[in-house]
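Spelled out, the chains give:
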Amino acid sequence: MVLCLIPALLEQPWAAIAALPISGWITFVWYGSIVTIVAFAFMSAGAKRCSGYTIAAFAGIIPISSTLFSVTILKESISMYQAAGCVLVVFATLIISYQKKAD
């Protein structure tokens, strides 16, 4: 966390931070603390109950679901490299699931 502060301070964001309205601060606090902490707590609690294969599969699917949500909900475009990366992640997840069945 401290290492992230060094480049952030070099950008000198003071003017933008000072101009942030109260709704921006509420959003910042909400996503920065509550959403992140709750998601991390749920992920940690789930990781205690699952095998390494299952955790790896879910961790691999997170970027794909984020990409699909951004394309479908936010109407963002996806490059061929991103699509190829999603395909590779799906194949890797399938390989992990097949290896789990073989064990």
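All figures in this text were calculated on a predicted structure; none of them were measured in a lab.

Student: What should I look at first to understand helix H4 (residues 52-72) in this one?
Tutor: Owing to its 3.6 residues per turn, the α-helix aligns residues three or four sequence positions apart on the same side. Under the 1.5 Å per step criterion, the end-to-end length of H4 is 30 Å for 21 residues, consistent within 8% with the ideal 30 Å. The largest bend along H4 reaches roughly 30 degrees and is located at Ile62, with the proline Pro63 sitting one to four residues downstream. Considered for burial, the residues of H4 that qualify are Ala57, Gly60, Ile64, Thr67 and Ser70.

Student: How do you make sense of a nonpolar patch on the surface when you look at a structure like this?
Tutor: Taken together, the side chains of Leu5, Leu9, Trp14, Ile17, Leu20, Ile22, Trp25, Ile26, Phe28 and Val29 present a nonpolar region at the surface, about 1000 Å² in accessible area. If you list the elements that add at least two residues to the nonpolar patch, you get helix H1 (2-10), helix H2 (14-18) and helix H3 (22-49). Considering each element in turn, the nonpolar patch owes the most residues, 5 residues, to H3. Tracing the sequence through the fold places Ile17 in helix H2. Accessibility expressed as a relative area gives 36% for Ile17, which makes it partly exposed.

Student: I tried to follow the side chain of Ser70 on my own but got confused; where do I start?
Tutor: Within the secondary structure, Ser70 is located in helix H4. From its side chain, Ser70 meets the backbone oxygen of Thr67 in a polar contact 2.8 Å long. Filtering out sequence-adjacent residues up to four positions away, Ser70 remains in contact with Lys75 and Glu76.

Student: Got a minute to help me understand unusual backbone geometry in this structure?
Tutor: Residues apart from glycine generally show negative phi values, whereas peptide bonds are mostly found in trans. Despite not being glycine, Lys75 shows a phi value in the positive range, around 60 degrees. For Lys75, a relative accessible area of 67% puts it in the exposed group.

About the thresholds
Residues numbered from 1 in each chain as written. Predicted model: local features only at pLDDT ≥ 70, side-chain atom pairs only at ≥ 80, totals over all residues. Heavy atoms only, no water. Helix = DSSP H or I, 4+ residues; strand = E, 2+ residues; numbered from the N terminus. Expected span 1.5 Å × (residues − 1). Bend = angle between axes of the 7 residues up to and from the residue. Buried < 20%, exposed > 50% of the residue type's maximum accessible area, 1.4 Å probe, protein only. Patch = residues over 30% accessible without salt bridge, like charges linked within 9 Å, V, L, I, M, F, W, Y side chains within 5 Å. Areas by Shrake-Rupley, 256 points an atom, 1.4 Å probe, with all protein chains shown as cover. Salt bridge = Lys/Arg side-chain N within 4 Å of Asp/Glu carboxyl O. Polar contact = N/O pair within 3.5 Å; in protein donor to acceptor, adjacent residues only side chain to side chain. Contact = heavy atoms within 4.5 Å.

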